[in-house]
Amino acid sequence: MHIMEGFLPLHWAVIWWILAIPCLIFGIIQLKKILASDREALPLLGVTGGFIFILSSLKLPSVTGSCSHPTGTGLSAVCFGPWITSVICAIVLLFQSLFLAHGGLSVLGANIVSMGIVGPLAGWGIYRALRDTGVNMYFTVFLACAIADLCTYIVTSLELALAYPAEVGGFLSSFALFMGIFAITQIPLAIVEGIVLALVFKYIVQLRPEILIRLNVFPDEKIRAAGSDA
Amino acid sequence: MYDELLEDIAQENGLREVNTYTKLAAGLGGILLCLLSTSFAAPLFIAVALSLALLTIARIDAKTYLKIFVGPAIFALFSVIVIILISGGGEIFWRWQPLPWLSLSITRVSINEGLFVFSRFLGGMSSLVFIALTTPMTDLFAVMRRARFPAEVLDLAMIIYRTIFLIMSHLVLVYRAQVMRLGYRSIRESVHSYATLCGAVFIASWESGEDLVRAMEARCYDGKFAALGEGGPVRLRPALAVFSFLVISAGIVVATRHISFM
């Protein structure tokens, strides 16, 4: 769940915008470079954005019985890298606030930092660390997506705790409380999202492995071997 | 997800033909004034004024309008309860210290803080929903282009916008088929069906992207998308109404800056 419109005080909304903007500028520079070298990439990036929008708008069955939604950014970070993902995510978050009233405009900076920057960066870091090792490809995707989801919610808790520190214990106490509340649904949800996106990845390997080969997500031989095993 | 996107309503609402900048001034002005306000009064006034404008002038169905607020309001309510419990100050009504580093209390100041945050949420959400329900995305694209947003980002946004509707219909078809075949009977089957659904949608969206490339190439695509113009011209009555709304709201922000709920 994103932070909603009006929930952060003005100064915090501005601070998160200030943090998000340089990352977005870097993402846009990368986007321009990609589009300059491969014009066909634009529609493909576009459909990924559409996919993230749909995915993060779908209700996900959670083992706690509650319903929430995956972020979908882990898979995008694995396929396109974290900076391009931040630009795609910023657009998706804008659309979600205007199409579904999820999130908001003043808090867009804060939501971009949590869902579009820190989450994908963490997921991408895990993926890069495990990509060329002997670790199973699907497990790598599972871990990258689950960690991206978890980090998103850790940063959301951080943003709320910084804006509303506790009277006793200050920021840390407030952070622990917000984390505790999120943990009830978010830890099982992150695991389920990891499993779901690893299964999605497997589905793509089986049916359209050339997509993943083109994006150079994993070495060709690894993808082909996994595709022929299935 | 809603059966109907807010965008669908925005295409048919009673304020559809009002100038985009006029509507944005009301929505963005409302958000800014909510954030500048230090009391609950101005955000509540903004919430009531914009909600009335949506329900009467824009002719939005009241049930749909309430439905939009339910999800975010539940999350806001939980968060406000946490804020009330962790904030302190003033007369203490209830206190509990479950851990040495964690003290929960309900005080006069914390109730004021919680209600203030909730009213700011209501004001902010009403302003956001006002933009969402009255201004179609195509009009916003035109405004963004005039505001010199990077062309690549705008083109990407337009493709994402188009793809959302393409994928949506595909997704509904697959999902209905899965439900008819009892694909969501248990947690295990739900996870499997959901993954299949996401995978099918990813591949379908990818293929639609490839089709789009071919279609654009066939029409001499040179890296730039054409954008439609933005709405009608600025008219006196709506502009005056928005100006009055903003002036009254700003007046309330200033006049009520020291007022608290309790």
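Residues numbered from 1 in each chain as written. Chains lettered and ligands numbered in written order. Predicted model: local features only at pLDDT ≥ 70, side-chain atom pairs only at ≥ 80, totals over all residues.

Asker: Got a minute to help me understand the overall build of chain B in this structure?
Answerer: Summing up its helical and strand segments, chain B has nine helices and two strands in all. The N-to-C order of helical and strand elements in chain B reads α-α-α-α-β-β-α-α-α-α-α. Taken along its principal axes, the extent of the C-alpha atoms in chain B is 70 × 60 × 35 Å. (Helix = DSSP H or I, 4+ residues; strand = E, 2+ residues; numbered from the N terminus.)

Asker: What is the right way to look at the nonpolar core in this model?
Answerer: Nonpolar side chains in soluble globular proteins tend to end up buried together. Ranked by internal contacts, the top residues of the largest apolar core, which has 159 residues, are Ile91(A), Ala144(A), Val200(A), Leu133(B) and Ile160(B). Here this core gets 17 residues from one element, more than from any other, and that element is helix α6 (residues 137-163) of chain A. Looking at this core, you find at least three residues from each of domain 1 (6-135 + 232-255) and domain 2 (148-218) of chain B. Non-local contacts of Ala144(A), meaning those with residues more than four positions away in its chain, are made with Gly74(A), Ala77(A), Val78(A), Gly123(A), Ile126(A) and Tyr127(A). (Core = buried A, V, L, I, M, F, W, Y, C linked by C-beta atoms within 7 Å. Buried ≥ 20, exposed ≤ 12 C-beta atoms within 10 Å, placed from the backbone. Domains from an automatic or database assignment. Contact = placed C-beta atoms within 7 Å.)

Asker: Please explain helix α6 (residues 137-146) of chain B as it appears in this structure.
Answerer: Residues that lie three or four places apart on an α-helix share one face, since the helix turns once every 3.6 residues. For α6(B), the complete set of buried residues consists of Met137(B), Asp139(B), Leu140(B) and Phe141(B). Structurally, α6(B) contributes buried residues whose contacts are with α4 (82-99) of chain A together with α1 (6-10), α2 (20-36) and α7 (151-180) of chain B.

Asker: Help me out: how do you make sense of the domain arrangement of chain B in this one?
Answerer: You'll often see interface size given as the accessible area lost when the parts meet. Each assigned domain of chain B is listed here: domain 1 (6-135 + 232-255) and domain 2 (148-218). Between domain 1 of chain B and domain 2 of chain B, the C-alpha centre-to-centre distance is 33 Å.

Asker: How do you make sense of the interface of chain B and chain A when you look at a structure like this?
Answerer: Opposite the 66 residues of chain B that make contact, chain A presents 63 residues. Secondary-structure elements contributing two or more residues to the side of chain B that touches chain A are α1, α2, α4 (62-86), β2 (102-107), α5 (108-134), α7 and α8 (187-218) of chain B. A total of 17 residues in the side of chain B that touches chain A trace back to one element, the largest contributor, which is α8(B). Considered class by class, the residues forming the side of chain B that touches chain A number 47 nonpolar, 15 polar and four charged. (Nonpolar A, V, L, I, M, F, W, Y, C, P; charged D, E, K, R; others polar.)

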